[in-house]
Amino acid sequence: MAVYGVGCGLSRHRFFLHHPIDTTPTRFPLGHGMMNRFTTAQSTVIMRRWGPAAIVTLAAMAALTALTADVAAGQPRSAQAKEATAPREAGEPIMAIVSIKTQQVTFYDAVGWIFRAPVSTGVKERETPAGVFAVVEKDKDHHSSMYDDAWMPHMQRITWNGLALHGGPLPGYAASHGCVRMPFGFAEKLFNRTRIGMRVIISPNDAAPVEFSHPALFTPNAEAIAAAPVHAETLAREAAEAAKAAAETKITAATAARETASLTSALRKLEFLKRSADAEFASAEKALAATKTDQARVLAEDRKQKATAKATEAMTRLDTAKADAKSKLEAGAAAKDAAKAAETKKAASAKAANEAKLALEPVSIYISRATQRLYVRRNTHKPAPDGGGEVFDATIQVPVTIRSPEKRIGTHVFTAVARKDSGLRWTAVTIDGADGAKDALDRITIPQDVLDRIGLTALPRSSIVVSDEPLSAETNYRTEFVAVLSNQPQGGFITREPSTEAFVASDNFRNDDGFGFFFQRGPQTGNARRPGGQNYH
């Protein structure tokens, strides 16, 4: 009999019962809630068919059933949540909040909750980490590479080291290896409603968004928002023209460089010939001065005349070549300078165009008390170059002032859920309340240049996350912000191999659009990794 372990998102117990004669294995897939029923219904048939062999098999099954019961008994049980749908038409989900305490997930749109269902989070030492995440990849028919090819349908990944929301069996208590299992039908229903970047909040306790307002939140400008699409189109056109001009000047500069190299080579050759002619003339003069007979003098004078003519010709050719080359060399230098200026303009135009394009996207800010820094992320909707997920722009990262930085501030998520008059309507979710949401924002001074740069065109779905925590190492160029509460169990997070060792901001890793990304410095371990360091679980 072979027993396969419980997967992160799906219990996969497979029993292979072999008849002494029939060597074809018979498989009985069992879930946590089916063991006793299976044993009761099948024991008589099995013993009649296989005799003593069945007793050994059933004994092992009974032991596993008892073990499962013991695990279940150790889980805190409460009244299990039920699936529910709001009595109104659901809008697009803006966030999902998972309560570890009540084993429930609730999805919210701009108005309020829309869907609610029970879940099963991680068991002890494999706990689902509490924190702030976002959907980074979706796979309708995902299978785990960690847990016996376990089926994880309608998977919505929230970290690249294997944490996700997906369909799975719900025994009524925490039972996964770190993922959040949802009812199969519920996971299917939500799969096509969500998008990459949707906020996922995993809270130790019950949490829900509440209406919120504060002067520190973005105050967009209606005129700037209205003008943003045209502005982005104009700058994109200018960037394309700058790129075309840069390409043309680069060709011109390359042609001029080749001609300059040819001229330089010719001048060096002429200078060598002139030096040789001058040396020959000097030698002829010296020979003439040393003559002692008339015959020798005649020969020396003839040699001197020829050397003089040769030197004169060499000097004339060199002067003419220098005069001709001067304008071409100057033109070559000018072409080189023009190409350099065109590349600078191209980069600046691309950057401006990208900023204008990103202004059409919701913006997310993360403020960390641990690092005293402010980070900005926006989804470019470009596929990641190494496969899996989409690229998030992370070019803005600046210091931030936090009053009383030694004092805890908590973890709060502020989300712009809809337009309101000329501004935005905000909600707040607190999952670690060292400070209240208002007190937390009162302690922070966001740099004005950052507000001017991104606040004027802030859109619904924009957010500000304030936390004591630094960004998790799982935050990279293919994720929105990932932050884990350090004061909560993280077994299901820690036991997974990190998707990368370290990510640093870099201006060297850019595509043609000028986006600056995070890149991996390089693994510190000898473990083999898939491209981009991702592990598919």
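Residues numbered from 1 in each chain as written. Predicted model: local features only at pLDDT ≥ 70, side-chain atom pairs only at ≥ 80, totals over all residues. Heavy atoms only, no water.

Engineer: I keep staring at the overall build of the protein chain and nothing clicks. Help me out?
Structural biologist: A tally of regular secondary structure across the protein chain gives 8 helices and 25 strands. Within the span of the protein chain, comprising 537 residues, buried residues form 47% of the whole. Contacts in the protein chain between residues at least 24 apart in sequence constitute 69% of all its contacts with a sequence separation of at least 6. A total accessible area of about 26,200 Å² is found for the protein chain, and carbon and sulfur atoms account for 55% of it. (Helix = DSSP H or I, 4+ residues; strand = E, 2+ residues; numbered from the N terminus. Buried < 20%, exposed > 50% of the residue type's maximum accessible area, 1.4 Å probe, protein only. Contact = heavy atoms within 4.5 Å. Areas by Shrake-Rupley, 256 points an atom, 1.4 Å probe, with all protein chains shown as cover.)

Engineer: Could you clarify how one ought to interpret the packing of aromatic side chains in this entry?
Structural biologist: Summed over all chains, the structure comprises 5 aromatic pairs. Ring geometry for phenylalanine 107 against phenylalanine 186: centres 5.9 Å apart, planes inclined by 55°, an arrangement best described as tilted. With phenylalanine 107 in strand E5 (residues 104-108) and phenylalanine 186 in helix H3 (residues 184-191), this residue pair connects regions lying 79 residues apart in the sequence. For the pair phenylalanine 107 and phenylalanine 186, one class covers both residues: buried. For the ring pair phenylalanine 212 and phenylalanine 414, a centre distance of 5.1 Å and an interplane angle of 45° mean the geometry is tilted. Here phenylalanine 212, found in strand E13 (residues 210-212), pairs with phenylalanine 414, found in strand E19 (residues 411-420); they are 202 residues apart in sequence, far enough to count as distant. Ring-pair connections join several aromatic residues into one group, and the members of that group are Tyr366, Tyr375 and Phe481. Sitting over the ring of phenylalanine 191, lysine 138 keeps its end group 4.7 Å from the ring centre. Sitting above the plane of the tryptophan 160 ring, arginine 478 keeps its charged end 4.0 Å from the centroid. (Phe/Tyr/Trp six-rings, centres within 6.5 Å; stacked < 30°, edge-to-face > 60°. Lys NZ or Arg CZ within 6 Å of the ring centre and 35° of its normal.)

Engineer: I keep staring at the pairing of E19 and nothing clicks. Help me out?
Structural biologist: In regular strands, side chains alternate between the two faces of the sheet. Within E19, 8 of the 10 residues are buried, which leaves the element mostly enclosed by the surrounding structure. In sequence, E19 turns back onto strand E20 (residues 423-432) through a hairpin of 2 residues, with aspartate 421 there showing a positive phi of about 55°. Inspection of the sheet shows E19 paired to strand E22 (residues 463-467) by 4 bridges, in the antiparallel sense. In the strand pairing of E22, histidine 412 is matched with valine 466. (Pairing = 2+ DSSP bridges.)

Engineer: Would you take a moment to explain empty space enclosed by the protein for this structure?
Structural biologist: Rolled over the atoms, a probe as big as a water molecule pinpoints where empty space is left. Taken as a whole and judged by the stated rule, the model has 3 cavities of 30 Å³ or more. Roughly 260 Å³ of internal volume is contained in the largest cavity. Gly197, Pro362, Ser364, Arg461 and Glu480 are the residues nearest the centre of the largest cavity, which is lined by 18 residues in total. (1 Å grid on protein atoms, 1.4 Å probe; cavity = no way out; pocket = protein on both sides within 12 Å on 5 of 7 lines; lining within 4 Å. Points joined across faces, edges and corners; volume = space filled by probe spheres on them.)

Engineer: Please clarify how the sheet that holds strand E8 (residues 137-143) should be interpreted in this entry.
Structural biologist: Here we have 4 strands laid out as an open sheet, ordered E8-E9-E10-E11, and mixed in their pairing. With partners counted over all chains shown, the strands left at the sheet margins are E8 and strand E11 (180-182), one partner each. Across this sheet, the average inter-strand angle for adjacent strands is 25°, counted without regard to direction. Bridge count for strand E10 (residues 164-167) against E11 is 3 bridges, and the pairing is parallel. Paired with glycine 167 across the bridge in E11 is methionine 182. In this fold H3 packs onto E8, strand E9 (151-157), E10 and E11, with an angle of close to 40° to the strand it touches most, E9. (Axes fitted to C-alpha atoms, helices over the stretch in contact; angles between N-to-C directions.)

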